[in-house]
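# Survey of secondary and tertiary structure
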Amino acid sequence: MTRQKWQNILLATALASSPLLAIEPLGGLIYAQEVQVDDVLTQSKVAFGASLNEEQKQHTLNLLRATDVDNQQIISVDGKMIERFLADGSNEETLVYSSATIEPREAGYGVQVQIVTPNNITLVAPQTYQNAAITAGAKDVLIKIAAVEPVTGEGALTGVYAIYEALGYALDPQDIEVAQKEIVLVKNTQESSELTVEQTNQLQAQIKLAINQVLQANGELTTEDLNDLVLSTIEHYLAEIDKDKAMTEEVIAEYVSFAEAYVHTQSAQSETTNEQLNASFNLTWTLEEAIDFWEASFLSGNADEFYINVEEYDRELWTEFSENQSDSEESATAINTIRLNYDENLTIQFEKTETEVILTLYTEVSHYPYEPSATYSIDRQTFEVLDRNDLSEATEAADNDVVNLWNDDKAKQLASFMATWGEGMGQTYQSFTPEAPGDMYGVSFPNDVLTALSVNETLVNASWSTTGEAAVEGEYVIVAAFNDVEHFFEVNPTAPAGAHFYLFTILDGIPVVLHSQQNQGTPDGRYYFTPSENMELQAGFENIVNQ
């Protein structure tokens, strides 16, 4: 099979919704039989390190926020158990301090990992645990890992394995061995390449996705084609991240060896593995994942910044934000963004990037989306707050500053300009706001556009503002919206489409007029605009903003 054909398979694999690809039968086959795995985890389980004393156990339960777990759901992990699972030389004299808890989550959650004592897990990253746990069969769970003493973390998955075994899950020793290979492979890649931990684990996930895609499409792979597939995946990924010389031949050979072992696992044979890999590593949110992220970042000591009393905290009070709080319709949000309410008095927007989560805080639901009070930049793996920006003072200063980028006087000037400019174009424009929206072929203009605006085919952050001030860098601040829908269809009553939609925005202090003639919905739910090519319109807006 040619390298180009594998590249085509890889491109299809990267799209979660793409159909499986069929390949022609080959000789020297590696067969995969589908294995059906039952959803056996229905309540939280804890695995203690056997070396913990009673005081340390209680401290560990507090760290894991598992103090309400029944004693019958707790097991002990000692050196003999580690040796049985990992065959690493551990014995009854081995000290075991690391502990784990597994909590069931909603369908589509994937496998998420929180290392709640990052200073005591010195080697293994959360994403590495994710990959290994999925290989071992975990599905839609939150795994928390804690250690009261510094450990490398390589044996922490034993507790996870032991919990599944106690539930009657038929763990395959080969699957566990392959999962441990993943941990070692990440370590070796880190020591001899330019890839970050995140990139290394993304690469491993892509290799597994590529293998699963082909096996489930055709049920077979030759050793030669498996090697080609792995090499193509690595080549494609390194080119994608612009690190084409980032890996040594020795490490690449380790990936080939890993793939040869992985292809025989139940994980490679299961249709659910791709689902779990995509849910675990992509940029989408579920309600429970956003709650878990907030709890990991703030519940231990900074909840008061969100006006939440820890002693009165109730997880059940979180709900997904609805654009119209008077009905039950869920809001249309960007793929990497979700908005939650807490007790109807607080709104938080969660935005996921490759390495960070950006939280935008609104201390009153009614303040969304105009009056954010603070933003936080948080590391996705460590939950460490990297940056905090208090916007309440900036908002107050903007309210008192007569030289805003935008104000009522400028809005009136723009309305006058649009009347004159539109007359010259043979068009008549009307102004619309979130409080008095118009129509964009069945959707609310500009309200619906705010949540899913794409500029030059790229999804962007957008907000409406009466001052022109942005909440975060790189945000398209929309200060005015105009369309000629009513006039266009008066003049062209039989035309299916053709009206113009303009958003007058400010991007990092620079005026930008955006234009669209989109006349129907798209599969991704986005609204596609591009910078206006009308120089007179752009110049007129710039003159008004820069006064």
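Residues numbered from 1 in each chain as written. Predicted model: local features only at pLDDT ≥ 70, side-chain atom pairs only at ≥ 80, totals over all residues. Heavy atoms only, no water.

Helix and strand content of the protein: 17 helices and 23 strands. Of all 547 residues assigned to the protein, the portion counted as buried reaches 51%. Of the accessible surface of the protein, which amounts to about 25,000 Å², a share of 47% is contributed by carbon and sulfur atoms. (Helix = DSSP H or I, 4+ residues; strand = E, 2+ residues; numbered from the N terminus. Buried < 20%, exposed > 50% of the residue type's maximum accessible area, 1.4 Å probe, protein only. Areas by Shrake-Rupley, 256 points an atom, 1.4 Å probe, with all protein chains shown as cover.)

This paragraph deals with the sheet that holds strand β8 (residues 318–320). One open sheet accounts for six strands, arranged β8-β9-β10-β11-β12-β13; its pairing is antiparallel. Either end of the sheet is taken by a strand with one partner, and the two such strands are β8 and β13 (385–390). Averaged over all pairs of adjacent strands, the angle between strand axes in this sheet comes to 20°, irrespective of strand direction. (Pairing = 2+ DSSP bridges. Axes fitted to C-alpha atoms, helices over the stretch in contact; angles between N-to-C directions.)

Time to look at the sheet that holds strand β6 (residues 141–147). On the basis of which strands lie adjacent, the open sheet formed by five strands has the order β3-β2-β4-β6-β5 and mixed pairing. Two strands close off the open sheet at either side, each with one partner strand: β3 (74–77) and β5 (111–115). On average, each strand axis in the sheet is tilted by 15° relative to the strand beside it, whichever way the strands run. Here three bridges tie strand β2 (residues 45–49) to strand β4 (residues 98–104), and the two strands are oriented antiparallel to one another. By the bridge assignment, A47 is partnered in β4 with A100. Packing against the sheet, helix α2 (residues 54–63) makes contact with β2, β4 and β6, and its axis sits at approximately 140° to β2. (Contact = heavy atoms within 4.5 Å.)

One pass over the full model with this rule turns up three cavities of 30 Å³ or more. Within this model, the largest cavity holds a volume of roughly 240 Å³. The residue inventory of the lining of the largest cavity, partitioned by class, reads eight nonpolar, six polar and four charged. Listed by contribution, the elements that provide at least two residues to the lining of the second largest cavity are β4 and α5 (157–166). (1 Å grid on protein atoms, 1.4 Å probe; cavity = no way out; pocket = protein on both sides within 12 Å on 5 of 7 lines; lining within 4 Å. Points joined across faces, edges and corners; volume = space filled by probe spheres on them. Nonpolar A, V, L, I, M, F, W, Y, C, P; charged D, E, K, R; others polar.)

Before going further, it helps to examine the environment of L209. Considering the arrangement of structural elements, one finds L209 in helix α7 (residues 197–218). A relative accessible area of 9% means that L209 is categorised as buried. The spacing of L209 and N278 is 69 residues in sequence and 8.6 Å in space, taken between C-alpha atoms.

Residue pairs spaced three or four apart in an α-helix point in one direction, given the helix's 3.6 residues per turn. With 13 residues, helix α12 (residues 287–299) extends 17 Å between its outermost C-alpha atoms, agreeing within 8% with the 18 Å of an ideal straight helix rising 1.5 Å per residue. In terms of burial, α12 is largely enclosed, as 10 of its 13 residues are buried. (Expected span 1.5 Å × (residues − 1).)

Under the definition given, this model contains 12 salt bridges. Among the ionic pairs, R65 bridges to E295, the shortest N-O distance being 3.8 Å. A residue pair is termed long-range when its members are at least 10 positions apart, and R65 in the loop between α2 and β3 and E295 in helix α12 qualify at 230 residues. For the salt bridge of R84 with E165, the shortest nitrogen-to-oxygen distance reads 2.9 Å. Residue R84 is located in helix α3 (residues 79–86), and its partner E165 is located in helix α5; the two are separated by 81 residues in the primary sequence. (Salt bridge = Lys/Arg side-chain N within 4 Å of Asp/Glu carboxyl O.)

Right, let's get into a negative patch on the surface. Judged by side-chain charge, D314, E316, D343 and E344 come together as a negatively charged surface patch. Following the sequence through the fold, E316 ends up in the loop between α12 and β8. (Patch = residues over 30% accessible without salt bridge, like charges linked within 9 Å, V, L, I, M, F, W, Y side chains within 5 Å. Lys, Arg positive; Asp, Glu negative; His and termini not counted. Charge placed at Lys NZ, Arg CZ, Asp CG, Glu CD.)

Here we take up the packing of aromatic side chains. Within this structure, the stated rule accounts for 25 aromatic pairs. Their ring planes at 85° and their centres at 5.1 Å tell us that F488 and F489 sit as a pair that is edge-to-face. Residue F489 is classed as partly exposed on the basis of its relative accessible area, which comes to 26%. On the numbers, 5.1 Å between centres and 70° between planes, the contact of F504 with F541 is edge-to-face. Of this pair, F504 sits in strand β21 (residues 501–507) while F541 sits in helix α17 (residues 535–545), placing them 37 residues apart in sequence. You'll find F504 and F541 in the same group, each marked buried. The aromatic ring of Y109 is capped on one face by R105, whose charged end is 6.0 Å from the ring centroid. (Phe/Tyr/Trp six-rings, centres within 6.5 Å; stacked < 30°, edge-to-face > 60°. Lys NZ or Arg CZ within 6 Å of the ring centre and 35° of its normal.)

As for its placement among the helices and strands, D140 is situated in the loop between α4 (126–136) and β6. Although D140 is buried, it forms no salt bridge, and the closest oppositely charged side chain is K139 at an N-O distance of 5.0 Å. At a separation of 3.4 Å, a polar atom in the side chain of D140 contacts the main-chain amide nitrogen of G108. Reaching out from D140, the side chain makes a polar contact with the backbone nitrogen of G110 at a distance of 2.8 Å. Discounting residues that sit within four places of it in the chain, D140 has contacts with E103, P104, R105, E106, A107, G108, Y109, G110, V111, E275 and Q276. (Polar contact = N/O pair within 3.5 Å; in protein donor to acceptor, adjacent residues only side chain to side chain.)

It is worth spelling out the side chain of E295 at this point. By relative accessible area, E295 is classed as buried at 6%. Looking at E295, its side chain comes within polar contact range of the side chain of Y313, at 2.6 Å.

Bringing helix α8 (residues 223–240) into the picture now. Between its first and last C-alpha, α8 extends 26 Å over 18 residues, near the 26 Å set by a 1.5 Å rise per residue. Burial in α8 covers these residues: D225, L226, D228, L229, V230, S232, T233, I234, Y237 and L238. Among the residues trailing α8, D242 stands out with phi positive, at a value near 60°.

On average, residues of the protein score 82 in pLDDT, and 86% of them are at 70 or above. Predicted confidence is poor over residues 394–402, with pLDDT under 50, and the contacts of this stretch with residues over four places away or in other chains come to four contacts. (pLDDT = per-residue confidence, 0-100.)

Moving on, we come to the pairing of β3. Here β2 runs beside β3; their pairing, made up of four bridges, is parallel. What sits directly across from F48, in β3, is S76. Between β2 and its parallel partner β3, the chain crosses via α2, and the hand of that crossover is right-handed. (Right-handed = clockwise from strand over helix to strand, strands pointing away.)

Within strand β12 (residues 374–379), six of the six residues are buried, which leaves the element mostly enclosed by the surrounding structure. The side-chain alternation of β12 yields two buried faces, one formed by A374, Y376 and I378 and the other by T375, S377 and D379. Two strands pair when backbone bridges link them, and strand β11 (residues 356–362) and β12 are joined in this way by six bridges, in the antiparallel orientation. Residue V357 lies in a different strand from β12, and its bridge partner there is I378. Between β12 and β13, which pair antiparallel one after the other, the connecting turn spans five residues, and F383 there sits at a positive phi close to 65°.

As a further point, take the packing of α4 against α7. Interaxial distance between α4 and α7 falls to 9 Å at its minimum, and their mutual angle equals 20°. Taken as axis vectors, α4 and α7 run roughly parallel relative to one another. Helix-helix and strand crossings are classified by hand; for α4 and α7 the assignment is left-handed. Two secondary-structure elements touch here, α4 through Q127, T128, N131 and T135 and α7 through V197, E198, N201, Q202, Q204, A205 and K208. Split by residue class, the contact of α4 with α7 holds two nonpolar, seven polar and two charged. (Parallel < 35°, antiparallel > 145°, perpendicular 65-115°, else oblique. Left-handed = near helix turned anticlockwise from the far one by under 90°.)

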